[in-house]
Structures are given as structure tokens and as C-alpha cells.
Amino acid sequence: MKSQKPESIAAQALGWIDDTTKEIVGQIHTSTTYIRDPDNQYRNGRVYARDHNPTFDQPEAVLNALEGGHQTLLFASGMAAATAVFQALNPGDHVIAPKVMYWSLRNWLKTFASRWGLQIEFVDATDLDALGASIQPGKTKLVWIETPANPMWSITDIAATCELAHRAGALVAVDSTVATPVLSRPIEHGADFVMHAATKYLNGHSDVVAGAITAARDCETWQRIRSVRAQIGGIAGPFEAWLLMRGMRTLFPRVRTACASAQRVAEYFAQHPLVSEVLYPGLPGFIGHHVAAKQMHGGFSGMMSIRVKQGEAAAIAVAANTQLWKRATSLGGVESLIEHRASVEGEGTPAPSDLLRMSVGIESAQDLIDDFEQALAIAASQAPK
């Protein structure tokens, strides 16, 4: 049989069948320890569940196949996965990160990572000239990018970034949570590591907290990342790993439905009289659209942000009056979510005060449009004259 398409890899979960039971859905393995051989060896390769739980095997193998990587590791959360990459570096190493990125990781880099001796520099990753000027040959060890970047959905050119970084001897890690391997495979563009907050699209049902890192190849840094997971213990639980695998089997239809609906919602409100701006990479007028079209295939994600023309109070009122869109943090689930992001992120946020971050789910696109439309009307009627 010819090599399988990514859709089949995900839906069939690589087609793994248990040799003993012949079941097509894997088991949840709860044992924390494994029997030694009579001569005190572990020839089965499993020593202790912190790093060797069999429930991890299938989701790690499936995601690795989808990303085209050397190896993938599951973690307890997206933050555990992301921070493991930085913890694999040495004190004094220079690290570049984008100004617009996942807020919790940005705060971690500004506080914990700096205390550990990493030299963190935040740059506009969409500006290749600024990025190139910030990279210090021999000193910069890692360039971390996120594309599309939360919550403005700015686009970074992965291939160009990798060329700049590799020329200076630096590695590149890509937070591809929003794109998912359905839309983009950063390793094909030269990335060394790909990170996913698996809580989001990979799981897709808002009932798992998990993360993952995929390496393009084996290297010293990858071995350090493996050691960080094993020694610090930021691992997913077996039930979470099993739920994640269940969610990943529907990854392609979920993401494609969300992309199609997000495109419709974005196009509808792009010219709306009560909206000042729609931030969505799928719109031709969006800065970075041409780069997104080059490195994303099959859609531009289910994430967008809408800026409400009457300002912060009106934006909050819109979120308060939606019915189908649920006011909640997170993204990538089957249900559509809406959030006034500046209130969540607080001081220093790049999110304008009139911005609403929106995660488009798999509901009817027209229902989502109608719901946001009526919420806009209510907010406008409540605004001071």
C-alpha cells in the first residue's frame, strides 16, 4: 500500500491494533512501574511510568507522523512543553522571542527564564530585518516563533526565519498550536522543533490539558529536552493521553470546518459598520496574508480577532450578549469561544482594548454570524449617545 495521506494517519491513528485483544482503540495503562528481567535488566524498554507509559506511544507516534519529525514527546501542558525547550538551554544563552505571542509563555520568559540566566530579547518576528539584526552569531541559541500569533494572528515567515537563524548557528522552535499539522508543517520549512498546546486543536473537545514537542532530528538539545521531561516530571497522565488520541482522530474534519466558518465570519464582518477591523490571515488585506498563503495550506485557522468600533465598553458588551459564542478562555474546541483579551492579559498586553479574540468552532457559520450580529446591535444600542 502506498504511504497514507495525513487524513488517514489521523483517522486511523496509524492503524494500530492490539496483538492480544485485536482492539482498534488503545487501552489506558495506569501502572506506574514495570517488572525487571531476572538479571535485573529492563529489556522491554519500560522502567517507570513518568517517562515510559505505553498510553503515550500512540499519540506521540501519530503526531510525529503528521509533523514529519524524528520524535515527539507528550507533556502535561503546552506550558510544560514550551518551557522544556528553554530549560534545555544554558545560563547566558541568548534567546529571541516574538513581541506578540502566547501571553503566559511571554510572562514566563520575562520572569522565570530571566532569573535562570537566559538572555531574552523580544522582537517583531514579522519583520525579517529586525529579526536578522537581533540574531547574534555564536551567542543566539534559540529563535522561538509563533505563527499565527495569539491574539493578533500575525504571521512569521518560517523558512526565512530558519535561514537567518541557522546561518548564525541558532535553532528554531515554532509554536504551531493554531496552525496544527492540518494547515502547516514547520519542519518542512526548516524548523528544528514544533510545539503544540495539545489542549487546543489537537484534542479539540475542551476536556484535556496536554502539550507536545516534535523534533526534526536527534541532537544534543533534543536529548536535553527529553531529560527535562523525565527529570522534572511535566508529563501527561494516561487518561489525558488517551483522550488526546481520541480527539486527534477527528483533527482534520474539525480544523477544516473551523477554517471554512472562520473565513465566512471574517469576510462578513470585515466591512461591518460597527467593526473597525477584522484580524484574520485569510483576508487578502491582512498584513502577512501572502506569507500565510505560502506556508499554510487548506485554510487559515479557526482563530480571529474583531475590533469593535465603539471601543472597550462596547467590545465587553458584545461578549456579554452573545449566546452561541461562549465567554471563556482557550481555543480550538468544537464550540465557539469569545474573550475580551486585554482584560485577561492586563498591563503590557499587545491586544487593543476594543479587541475580542474569537475561536470559531464547528457550529453553523450562519448561526455564528447571526449571534455576533445581534450582540453588536445590543452593544451599539447601549453605547452613550
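Numbering of residues begins from 1 in every chain and follows the order in which that chain's sequence is written. Confidence filtering applies because this is a predicted model: local features only for residues at pLDDT of at least 70, side-chain atom pairs given and counted only at 80 or more, and all residues used for totals across whole chains, interfaces and linings. Side-chain numbers here rest on the full set of heavy atoms in the structure, without hydrogens or water.

1. A closer look at the pairing of strand β9 (residues 303-308)
Within β9, five of the six residues are buried, leaving the element largely enclosed by the surrounding structure. Two strands pair under a simple rule: DSSP has to find at least two bridges between them. Going along the chain from the N terminus, every DSSP run of H or I of four or more residues is numbered as a helix, and every run of E of two or more is numbered as a strand. As judged from the four bridges shared by strand β8 (residues 275-279) and β9, these two strands associate in the antiparallel manner. Bridge pairing in β9 links L279 to S305. Inspection of the sheet shows β9 paired to strand β12 (residues 355-359) by five bridges, in the antiparallel sense. Across the sheet, the residue bridging to S305 is R357, located in β12. Burial classification: accessible surface area is computed with a 1.4 Å probe over protein chains only, and a residue below 20% of its type maximum counts as buried, one above 50% as exposed, and the rest as partly exposed.

2. Re the pattern of salt bridges
What counts as a salt bridge is simple: a side-chain nitrogen of Lys or Arg found within 4 Å of a carboxyl oxygen of Asp or Glu. The final tally for this structure, using the stated rule, is 17 salt bridges. Here R46 ties to D57 by a salt bridge, and the two come within 2.4 Å at their closest N and O atoms. A residue pair is termed long-range when its members are at least 10 positions apart, and R46 in the loop between α1 (6-12) and α2 (49-52) and D57 in helix α3 (residues 57-67) qualify at 11 residues. With a relative accessible area of 22%, R46 lands in the partly exposed category. In this structure D57 comes out as partly exposed when scored by relative accessible area, which is 26%. Ionic contacts of the salt-bridge type, sharing partners, join the residues E339, R341, E345 and R357 into one network.

3. Considerations on the packing of aromatic side chains
Centres within 6.5 Å make a pair out of two Phe, Tyr or Trp rings, where for Trp the six-membered ring is used; the pair is then stacked when the planes are under 30 degrees apart, edge-to-face when over 60, and tilted otherwise. All chains considered together, the criterion is met by eight aromatic pairs. Where F86 meets W144, the ring centres are 5.1 Å apart and the plane angle is 40°; that geometry is what we call tilted. Of the two residues, F86 sits in helix α4 (residues 78-87) while W144 sits in strand β4 (residues 140-146), which places them 58 residues apart along the sequence. Each ring, one from W325 and one from F372, has its centre 6.4 Å from the other, and the planes form 70°; the classification is edge-to-face. Here W325 is found in the loop between α13 (312-321) and β10 (326-327), whereas its partner F372 is found in helix α15 (residues 365-382), with 47 residues between them in sequence. Judged by relative accessible area, F372 falls into the buried class, the value being 0%.

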